[in-house]
Each structure stands twice: as C-alpha cells, then as structure tokens.
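Secondary and tertiary structure notes
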Amino acid sequence: MAHHPFHGSVPDDRLYCPRHDMWVQLLDSGEALIGVTSFGIFLAGEIIAFTAKPKGAEVGIGKGLGTVECRKTVLAVHAPISFTLLDSNEAAEERPALVNQQPYAAGWMVHVRPTDWATEKAGLFDAAAYRRHVLKIEPEARFD
C-alpha cells in the first residue's frame, strides 16, 4: 500500500501540544477550546467515536480528557493543559465525522477553564513550531 503524506492545516490562531497532537485556543473570556490536530487524526486514522469526561471534571496536564475510537483501537485523549471541563462538544460526540472533517472548527472536543495557564502555555508550540514538528515526522507533509 502506497504511503500518502500528510496534507492539512495548522491554523495560526491557537497553540499546539506536539506530544499529544492537540490544540488549545484561548478565548477572550480566559476559557479555552481544545481539540485534536489534523495531523493527530492523520496519525490515528479516522475517528469513529469520541466521548469526553463529564462536566466539572478536573483534568491534569497529560491526563485523559476522554477517549476516541479509531480503526480497531480505543485511545485516551490526553489533555495538553490542566483544566476544569465546562462542556464537551455534544455534536462531535453524536457525529464524530465533525472531528475528522472540521478539527479546528465544529469538531472541537472540550470547552474548559484552564487551571495553570500561566505556567503550562510555555510548553505549547505556536503554529510555525508545530509545522516544523510535523515536518520532522512527516518530511513530505504539505500545509494548507
């Protein structure tokens, strides 16, 4: 089977966790949206189910914020920052194709209140650094 290089986007308006291929978008309210990157989806394969932890859950950096099912595997989705979960994206839980098709828009996963943003944001990459990270793994990657 031929290898198809990654082709996708890495929007400039958010920060990225290279370890778990997740993104964080800080909102004006100080709250944040978190989702999986298009490169993360490329690595995992099509997501066929997504389930978030319940509202109010306290999640530490690197801990599970929920699970995704892809191919024949169920994977923990690791938190790129520590937070209190305010809401999950019920539309994405009901229709996981949203995560695959619009990972930076309608396919976001959780809406959170960061609990240690001042410290943890330093461990995240901007879009340019995340693109360089992707190119180290996938040298033939192309970005929109």
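Residues numbered from 1 in each chain as written. Predicted model: local features only at pLDDT ≥ 70, side-chain atom pairs only at ≥ 80, totals over all residues. Heavy atoms only, no water.

The next thing to look at is the nonpolar core. Core analysis: the largest hydrophobic core is formed by 26 residues, its most contacted members being Met22, Ile34, Leu65, Phe83, Met109 and Val110. When residues of this core are traced back to their parent elements, those giving at least two are strand E3 (22-26), strand E4 (32-36), strand E5 (47-52), strand E7 (64-70), strand E9 (83-88) and strand E10 (110-114). The residues contacting Phe83, other than those within four sequence positions of it, are Ile34, Ala57, Glu58, Val59, Leu65, Val112, Arg113, Pro114 and Thr115. Counting 11 residues, the second largest nonpolar core, distinct from the first, contains Val10, Leu33, Ala127 and Val134. (Core = buried A, V, L, I, M, F, W, Y, C linked by side-chain atoms within 4.5 Å. Buried < 20%, exposed > 50% of the residue type's maximum accessible area, 1.4 Å probe, protein only. Helix = DSSP H or I, 4+ residues; strand = E, 2+ residues; numbered from the N terminus. Contact = heavy atoms within 4.5 Å.)

This brings us to the sheet that holds E7. If you walk across this open sheet you meet the three strands as E5-E7-E8, and the pairing is antiparallel. Each edge of the open sheet is held by one strand with a lone partner, namely E5 and strand E8 (73-78). The mean angle between the axes of side-by-side strands here comes to 25°, regardless of whether they run parallel or antiparallel. The pairing of E7 with E8 spans six bridges and is antiparallel. Bridged to Gly66 within E8 is Val77. (Pairing = 2+ DSSP bridges. Axes fitted to C-alpha atoms, helices over the stretch in contact; angles between N-to-C directions.)

Our next topic: the sheet that holds E3. Pairing is antiparallel in the open sheet, where six strands are placed in the order E2-E3-E4-E10-E9-E6. Unpaired on one side and paired on the other, strand E2 (15-17) and strand E6 (58-59) mark the two borders of the sheet. Where E4 meets E10, three bridges bridge the pair, whose relative direction is antiparallel. Bridging across to E10, Ala32 finds its partner in Val112.

So, about the pattern of salt bridges. All told, the structure shown has three salt bridges when counted by the stated rule. The closest approach of N and O atoms between Arg14 and Asp13, which form a salt bridge, is 2.8 Å. Owing to a relative accessible area of 7%, Arg14 belongs among the buried residues under this scheme. Notably, a salt bridge pairs Asp87 with Lys55, separated by 3.2 Å at the nearest N-O pair. One end of the pair, Asp87, is in strand E9; the other, Lys55, is in the loop between E5 and E6, with 32 residues separating them in the sequence. (Salt bridge = Lys/Arg side-chain N within 4 Å of Asp/Glu carboxyl O.)

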